[in-house]
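Chain by chain, the residues:
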Amino acid sequence: TVSVLYWQSHALSRSPSPMTTDGQFSDVSIEDAVEKACWRDTEAERASYLEIIRDEFKIKSAAMWGQFPDADKDDLKAAGLPRMVIIQLDDWFQQQLVDNWERNSPSRNRKLRETDETQLICREATKKDVVDYVFDCAAGPPPEGGSTKVWSKAPAGFKCQLKCTSGVMGIGKSTVLSKVGPWVRERVAALIAAAGHAQRLPGAAGPDDIANGPVPLMLRGFKVAHVSYNGGSPKYEVPRAGDEALCFGKHLLRSHGFPERGMSKVRSLEDALRIMRAAIELDDTQLLIVTVDEIADLDTRSSGANPLALRNTVSALMNVQDASLAQQQSPVLFIFSSVLECLFPDLEAKTGSGRSVGVIALPHLHLDAAQELLFERMPGLEDAYNKSPALRQLILSCMGHPRALFEGIVENVKVKQIDTFDLAGCRKDILAMCKLHYLRNDATERDSIVRRWFAGDIDADLRQQLLVCGVLQVVDSIDFLLPLALHGWAASVLEKDDGAYWALAHHVGRAYSADCVVERTHEKKVEEVVTHYEAVRRISRAGRKGETIGSFFKQTNYIGSAWKSREITIRIPEETGDGIVEFVTDFSDAELVLRYLRSGRIVVSEKRTEQGLEYASAFFEQGDEMLVAVAQVKFQPVVKWSEAGQMLSEEVNDFTRTLKAKSIPWFPVMYTTHHAAIAPETFSNGVYFNEVTLFEFTKKLGILRTHVEKLGQKLRTRCPSLARPMPTKRQGSPDTSGTGRKGPLPES
């Protein structure tokens, strides 16, 4: 039972606070209540009612009637109180609750879920999209009868576009909904101010023309209400078929503290909207914008009882929106957000209504701009960033994900203890905070997904699922599996002693570890990034039919024609408990090296004494003929190909001379950061990478320090989000990075 003295205010703040009702209503006597509720009855009849209610059951006020349990009202009937009197008193009491709530609703004088700031970094395009939509809807259907950006002509009349925010978990969909009010209000104020200025100019239009100017009448005094189906929202009913609109209306009212005992007065969505409008003092000409967050949760909870609950709810809301905006009568507009926004394009298409769907796409934040803002909000972080390669890798691994950066980093990184701080534990905490489910919770499926990711076997359906759940991010039109999640996956698999995916996780982890200690000034550890990534690729593609040299190294265009189409098989050892990379002192024992290669291992020289040879790996042709790849890493902006070619000659390298003597075919694989394109006569003898193709080859690991700090301008043209080549100080701050670079803050 809900007390008439207090009710809870939901959704207006993160911590609901008790709100008192009208004091006069609390003091209404039972005599007055009976007189008002049973006004058609005679005075003598009302006196007989009071003998039972007041004298026998000691109910002395309207408040006490409201608190009297419904289950005990049968006792009133048994004592002789007519059933109709109980109904009339209940109906009167509930109407008082509704009227009382309308007068005292906390929604009336408080802005709902609107943040203090008027700008969101990297969201200017989103802001324009949202505000344009609201203005276009408020303008109503085109009078000439055609279609516009938001109004579609359909057989049943005009259909208004369905608008929803789209993006991964934690990208800011709910935050954008909270900005709808401030953003629209800002444009309304600017247009009214501009119109007022124009009116004061010589020859300006008159007041009547200004009143009908660029701001639709319904936007002058509009208000926003918010309702959520998740994130601490009130419990909602799973709607039965046909009751979807009514259930939404009740959920909207509950979210604003409407008393449960008054719900019997809400018989339709229109009733709920009328009550809501009265509570926030909107007249019949002013627009009510309702932002609806996480509505796909309705689909999840009601899938068994009512599989069409989500579709029918959204359809009902949009039909009300169509009619109210077209008739300019009690106008209402809905904007949606959901983690399953991929459902929206099908909602109305399935009905054949002809309604269009407008997606407010929310990409990641620009890495450079996000880091600058992060440094501003977290004192001491920039100095720690400059000193700690591990922290730089952690921030890069967030890939501009707002929640990971502005909640995860801010709340979990201890900048004063950065030298001893557990960044691995911090990564785990951030991953949990971001709710990236596929690589965190779904243990039975996640290992296979990671293998398919590195093998290049992600189909369109799985890609969409990964986008929706938040682990796949699109940056500069490039798909990345969030390295924060990949790193976390590897760590969780490695906690086990064995398993089919242990070797894959081992080499993923080793690649990240090598990237963490890459030196800025030379090639140290860079070769380990490449070596372990090749191991990852080999494990994920082992045994594949139809593989060629060209398909394994498909990220580079610089493959000699004699090698590109050669069909091969990738072999890995039967036992991969220690991974597939084998370290030897040097390549002087060629027979040992060849045995390792034939077993499917990558062989690395610890001494690095062989010219033109960092490591070797093997492919197998028909008849089990071995084909050896001899890899060299040269991270230099400009490679002198004549010198590099000499280093790859069998006349210089003992191991390649042995291969020639044994008639084992081999070819060079050259990983470089060469800025320019590579000439055909240079790469004709093997496989070559420059800075752009090396990025394409290793990008499955995400954006790495290796990419940001070692690669050059050509790559930053291909992927502008890598604009921060080194840790730097912002304008006005002393430079402690050793780069001497200063510059203005990037635009948001």
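These notes cover the structure that comes with them. These numbers come from a predicted model, not from an experiment. (Residues numbered from 1 in each chain as written. Predicted model: local features only at pLDDT ≥ 70, side-chain atom pairs only at ≥ 80, totals over all residues. Heavy atoms only, no water.)

A word on the overall build of the chain. Scanning the chain for helices and strands turns up 33 helices and 18 strands. Classification of the 748 residues of the chain by burial places 54% in the buried group. The contacts in the chain between residues at least 6 apart in sequence include a share of 66% that link residues at least 24 apart. Surface accessibility of the chain: about 32300 Å² in total, with carbon and sulfur atoms responsible for 49%. (Helix = DSSP H or I, 4+ residues; strand = E, 2+ residues; numbered from the N terminus. Buried < 20%, exposed > 50% of the residue type's maximum accessible area, 1.4 Å probe, protein only. Contact = heavy atoms within 4.5 Å. Areas by Shrake-Rupley, 256 points an atom, 1.4 Å probe, with all protein chains shown as cover.)

Once that is clear, we can look at the packing of aromatic side chains. Tallied over the full model, the rule gives 20 aromatic pairs. Geometrically, the ring pair formed by Phe334 and Phe336 is stacked, given 6.5 Å between the ring centres and 25° between the ring planes. When sorted by exposure, Phe334 lands in the same class as Phe336, which is buried. Ring pairing ties together the aromatic residues Phe454, Tyr533, Phe552, Phe553, Trp563, Phe619, Phe667, Tyr671, Phe689 and Phe697, which thus form one cluster. Between the NZ or CZ atom of Arg377 and the centre of the ring of Phe406, over which it lies, the distance is 5.3 Å. (Phe/Tyr/Trp six-rings, centres within 6.5 Å; stacked < 30°, edge-to-face > 60°. Lys NZ or Arg CZ within 6 Å of the ring centre and 35° of its normal.)

Time to look at helix H31 (residues 691–698). Burial analysis of H31 places 7 of its 8 residues in the buried class, the great majority of the element. Where H31 is concerned, the buried positions are Glu691, Thr693, Leu694, Phe695, Glu696, Phe697 and Thr698.

Take the sheet that holds strand E6 (residues 223–228) next. An order of E6-E7-E8-E5-E9 is seen for the 5 strands of this open sheet, with the pairing classed as parallel. Strands at the two margins of the open sheet, each flanked by one partner only, are E6 and strand E9 (357–361). Ignoring strand direction, the axes of neighbouring strands in this sheet form an average angle of 25°. Where E6 and strand E7 (residues 288–293) come together, 6 bridges link them in parallel fashion. Looking at the pairing, Ala225 lines up with Val290 of E7. Across the face of the sheet, helix H7 (residues 124–138) comes into contact with strand E5 (162–166), E7, strand E8 (332–337) and E9 while running at roughly 150° to E8. (Pairing = 2+ DSSP bridges. Axes fitted to C-alpha atoms, helices over the stretch in contact; angles between N-to-C directions.)

What follows concerns the pairing of strand E13 (residues 581–584). Taken together, the 4 bridges between E13 and strand E14 (residues 602–605) define a ladder with parallel strand orientation. Counterpart to Phe583 in the pairing with E14 is Val604. Between E13 and its parallel partner E14, the chain crosses via helix H27 (residues 590–599), and the hand of that crossover is right-handed. (Right-handed = clockwise from strand over helix to strand, strands pointing away.)

Located in the positive-phi region is Met399, a residue other than glycine, with phi close to 55°. Here Met399 is to be found in the loop between helix H17 (389–397) and helix H18 (402–412).

A word on the sheet that holds E13. The strand order across the open sheet formed by 7 strands is E12-E18-E17-E16-E15-E14-E13, and the pairing between neighbours is mixed. One side of each edge strand has no neighbouring strand; the edge strands of this open sheet are strand E12 (558–559) and E13. Of the strand pairs in this sheet, strand E17 (residues 666–672) and strand E18 (residues 687–689) are connected by 3 bridges, and their pairing is parallel. Residue pairing in the sheet places Met670 in a bridge with Tyr688 of E18.

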